[in-house]
Amino acid sequence: MENRESSKRVLYTMLLVNGFILTYYLAVTSASKKIICDMNGAYTFLSVAEGIPADTVTLCLKTFVLYGALSVLILLKEDVCRENKMNLHLASVGEMLLSFELICTLNFYYSGVALVVLADLLYYEGKKAPRVAYVVIQILEFVFGSDKILGYFYNNIQFSSYLYCFHPVVRSWIVAVESSMTFINIFLFVIFVLLMIMRQRDENLRILLLNAALSGKNVQLQEANIKLKKYGETIKRMTEITERNRLAREIHDTLGHTLTGIVVSADAGRILMDTDPGEAKTRFEVIGTTARQGLEDVRRSIHALRPDALESHDIESALEKMIENVRETTGTEISYEQMAGELILAQDEEDTLYRIVQEGLTNAVRHGHATKISVIIYMEEHSLKVSIRDNGIGSQKVEPGFGLDYMRERIEVLKGSLSYGNRKDGCQGFCLEAEIPIRSRNPEDE
């Protein structure tokens, strides 16, 4: 930032110095014309100059107007064109045209104004291609804009032609001042270029430091990701161990206790069969009650487990295998239509879909005594829909058991809905319908 401000101060100093130089040239040529007229040396001047000089008033007015416009464009460029790149390029082209017209107006006495424009273009232009083009154009304008260079190609009135009417001492001082001011302008331009180089060096150093810092942060981020991944794996293993221990305790406390009670009651019933049949019957009733209670306890303990079929098969294969097993074991005629396309679901969505179909088939066979079951899976917008219909006895009043309640809980967790009841299409039987909103078609996004 400090180098940038220093560069701007040097640029403004060059602008001021060039204003003095242009004024100096106009003053010298105007004084020379007046002396020549007073000395009646016009013929001699015209023979030396080989051309007619421009009117003094017109020359001064045009020079100051052009340089004033160039100065205003340079001073206001940052505020007017800072936010619009197109305006910035148009302003740059305008500066080059004004500087060229100014050099032509002075009849190529002085081309140092091209360095001011070049400095301004370098200050604002950051892209490499436009910067190179600007440098080439302005250097050519500076070199070939000198009357000493152009004098080899065509006859023009050189600045030295205006000096013959002055005393040799005065002429020497005029040339010395001209050379000094030209040197100052070039010296300021060299300082400006050095400051720009330092500015670019500082910018490159800043970028290198930022890249180094970014690389360090990337390394830290990678290390953090590795630690996070290991931590996640550790948490997963701990969760699995905790869940296994919980299930082991549940099975031990429920199934172990239940089986122990059944064994004891069965032994007692066997002994009492001959001596007290009534008591034996009571014992066997207790065995049935205990077994049913144990079954419910086991169901509650394992309801969160993932089906084995989904561990070894994809969801579509698991559904087809389950439906085929029900056909074979129950002799039920089951039609299955999967119209949802490829089923790419998250794990909890797969588990829920599998349990819905499983529970629907089980209820249709066990409670509805159905001989025909229809299973249809289809997509509607972003929701997966499941329809299970049978030709069973139906139910006048449905009292949800563990299976339906558990199914509803799983579906509600996924923001879905479950409905069931007797068929409303005029046919006898039961109908179960579920809707599951699908979060993502790619399980890796979960």
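You'll find the structure just up there.
What you are looking at is a predicted structure, and each value in this text was computed from that prediction instead of being measured.

Draft legend 1. Seen up close, a nonpolar patch on the surface. Together, Val132, Val136, Ile139, Leu140, Val143 and Phe144 give the surface a local cluster of nonpolar side chains, amounting to about 490 Å² of exposed area. Looking at where Ile139 falls in the secondary structure, it is placed in helix α6 (residues 128–144).

Draft legend 2. The arrangement of helix α11 (residues 315–330) in detail. Between its first and last C-alpha, α11 extends 22 Å over 16 residues, near the 22 Å set by a 1.5 Å rise per residue. Those residues of α11 not exposed but buried are Ile315, Ala318, Leu319, Met322, Ile323 and Val326. For α11, the buried positions fall inside an angular range of 130° around the axis, keeping them on one side. Put simply, Asp314 is the residue that caps the front of α11, since its side-chain oxygen is 3.1 Å from the backbone nitrogen of Glu316. Gly331 sits one or two positions beyond α11 and adopts a positive phi of about 70°.

Draft legend 3. Structural detail: the pattern of salt bridges. Under the counting rule described, the total for this entry stands at 7 salt bridges. Among the salt bridges present, the one from Asp425 reaches Arg423, with a minimum N-O distance of 2.7 Å. Linked through salt bridges whose partners overlap, the residues forming this network are Arg389, Arg423, Asp425 and Glu433.

Draft legend 4. View of the pairing of strand β5 (residues 430–437). Pairing between strand β3 (residues 383–390) and β5: 7 bridges, direction antiparallel. When the bridges of β5 are listed, Ser387 appears paired with Glu433. Pairing between strand β4 (residues 417–422) and β5: 6 bridges, direction antiparallel. Bridge assignment links Leu418 to a residue of β5, and that residue is Ala434.

Draft legend 5. Representation of the sheet that holds strand β1 (residues 333–338). The strand order across the open sheet built from 5 strands is β1-β2-β3-β5-β4, with neighbouring strands paired in mixed fashion. Since the sheet does not close on itself, it has two edges, and those belong to β1 and β4, each with one partner. On average, adjacent strands in this sheet sit at an angle of 10° to one another, irrespective of strand direction. Here 8 bridges tie strand β2 (residues 372–380) to β3, and the two strands are oriented antiparallel to one another. Opposite Met379, over in β3, you have Leu384 as the bridge partner. Running at roughly 10° to β3, helix α12 (residues 347–366) makes contact with β1, β2, β3 and β5 of the sheet.

Quick notes on the rules
Residues numbered from 1 in each chain as written. Predicted model: local features only at pLDDT ≥ 70, side-chain atom pairs only at ≥ 80, totals over all residues. Heavy atoms only, no water. Patch = residues over 30% accessible without salt bridge, like charges linked within 9 Å, V, L, I, M, F, W, Y side chains within 5 Å. Areas by Shrake-Rupley, 256 points an atom, 1.4 Å probe, with all protein chains shown as cover. Salt bridge = Lys/Arg side-chain N within 4 Å of Asp/Glu carboxyl O. Helix = DSSP H or I, 4+ residues; strand = E, 2+ residues; numbered from the N terminus. Expected span 1.5 Å × (residues − 1). Buried < 20%, exposed > 50% of the residue type's maximum accessible area, 1.4 Å probe, protein only. Arc of directions from axis to C-beta. Polar contact = N/O pair within 3.5 Å; in protein donor to acceptor, adjacent residues only side chain to side chain. Pairing = 2+ DSSP bridges. Axes fitted to C-alpha atoms, helices over the stretch in contact; angles between N-to-C directions. Contact = heavy atoms within 4.5 Å.

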